[in-house]
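# Summary of the model geometry
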Amino acid sequence: QVQLVESGGGLVQAGGSLRLSCTASGSIFSINKMGWYRQAPGKQHELVAEITTTGTTNRVGSVKDRFIISTDNAKKTVYLQMNSLKPEDTTVYYCYARILSYGSTKWDDYWGQGTQVTVSS
């Protein structure tokens with residue numbers, strides 16, 4: 001079994017910063033990449049940023065110049081440093097990881113439970 005546990009969400013004023021963390025644990029042979037999605041009510045799941053274990057990053061849309069994604073491979077942890085937060089960043093953020101479990105022959109995507117980020121104006 002594999003688990004992803006997130007932390008770091010909360011309430012912040014516009015212009016402020018938050019740092020999300022997500023740690024993978026369990027029967028993990030290898031991790032290909034980790035990242036973050038978000039989903040506002042009534043909207044589709046949206047990729048925010050992702051990073052491979054070799055350090056290649058991908059940040060999308062309006063977060064490109066404000067959010068920084070990084071990993072600590074030894075700790076199986078991905079971080080999302082969110083700066084210059086805006087009210088429209090308010091939503092639930094979900095961590096994910098593409099993992100090869102022990103005994104498996106294929107990569108699977110695993111998801112965290114989600115962490116709420118609220119940005120007040």
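Note: the structure precedes this text.
Figured I'd write up the structure that's included with this text.

## Brief notes about the pattern of salt bridges
- Inspection of the entire model under this criterion finds six salt bridges.
- For the salt bridge of Glu-50 with Lys-33, the shortest nitrogen-to-oxygen distance reads 3.5 Å. With a gap of 17 residues between them, Glu-50 in strand 5 (residues 46-52) and Lys-33 in strand 4 (residues 28-39) connect regions that are remote in the sequence.
- We note a salt bridge from Arg-66 to Asp-89, for which the minimum N-O separation is 2.7 Å. With a gap of 23 residues between them, Arg-66 in the loop between strand 6 (57-59) and strand 7 (67-72) and Asp-89 in the loop between strand 8 (77-82) and strand 9 (91-101) connect regions that are remote in the sequence. Comparing Arg-66 with Asp-89, the two get one shared label, buried.
- In this structure, a network of salt bridges that share partners links the residues Arg-38, Glu-46, Arg-66 and Asp-89.

## What about the state of the cysteines?
- Counting across every chain of the model gives one disulfide.
- Between Cys-22 and Cys-95 runs a disulfide, and the two sulfur atoms are separated by 2.0 Å. Here the disulfide of Cys-22 and Cys-95 is left-handed, its torsion about the S-S bond being about -75 degrees. Placement of the pair is Cys-22 in strand 3 (residues 18-26) and Cys-95 in strand 9, with a sequence separation of 73 residues. Residues Cys-22 and Cys-95 agree in their burial class; the two are buried.

## Looking at the packing of aromatic side chains
- This model, assessed by the stated rule, comprises four aromatic pairs.
- Relative to Trp-111, the ring of Tyr-37 has its centre 5.2 Å away and its plane inclined at 65 degrees; by these criteria the two rings are edge-to-face. With Tyr-37 in strand 4 and Trp-111 in strand 10 (residues 108-111), this residue pair connects regions lying 74 residues apart in the sequence.
- Here Tyr-37 falls in the partly exposed class, since its relative accessible area comes to 22%.
- Considering the side-chain rings of Tyr-96 and Trp-111, the 5.4 Å spacing of their centres and the 35 degrees angle between planes classify their relative orientation as tilted. Note that Tyr-96 is positioned in strand 9 and Trp-111 in strand 10, a separation of 15 residues in sequence.
- Given a relative accessible area of 2%, Tyr-96 falls into the buried group.

Basis of the calculations
Residues numbered from 1 in each chain as written. Predicted model: local features only at pLDDT ≥ 70, side-chain atom pairs only at ≥ 80, totals over all residues. Heavy atoms only, no water. Salt bridge = Lys/Arg side-chain N within 4 Å of Asp/Glu carboxyl O. Helix = DSSP H or I, 4+ residues; strand = E, 2+ residues; numbered from the N terminus. Buried < 20%, exposed > 50% of the residue type's maximum accessible area, 1.4 Å probe, protein only. Disulfide = S-S within 2.5 Å. Phe/Tyr/Trp six-rings, centres within 6.5 Å; stacked < 30°, edge-to-face > 60°.

All we've got here are geometric facts, nothing functional implied.
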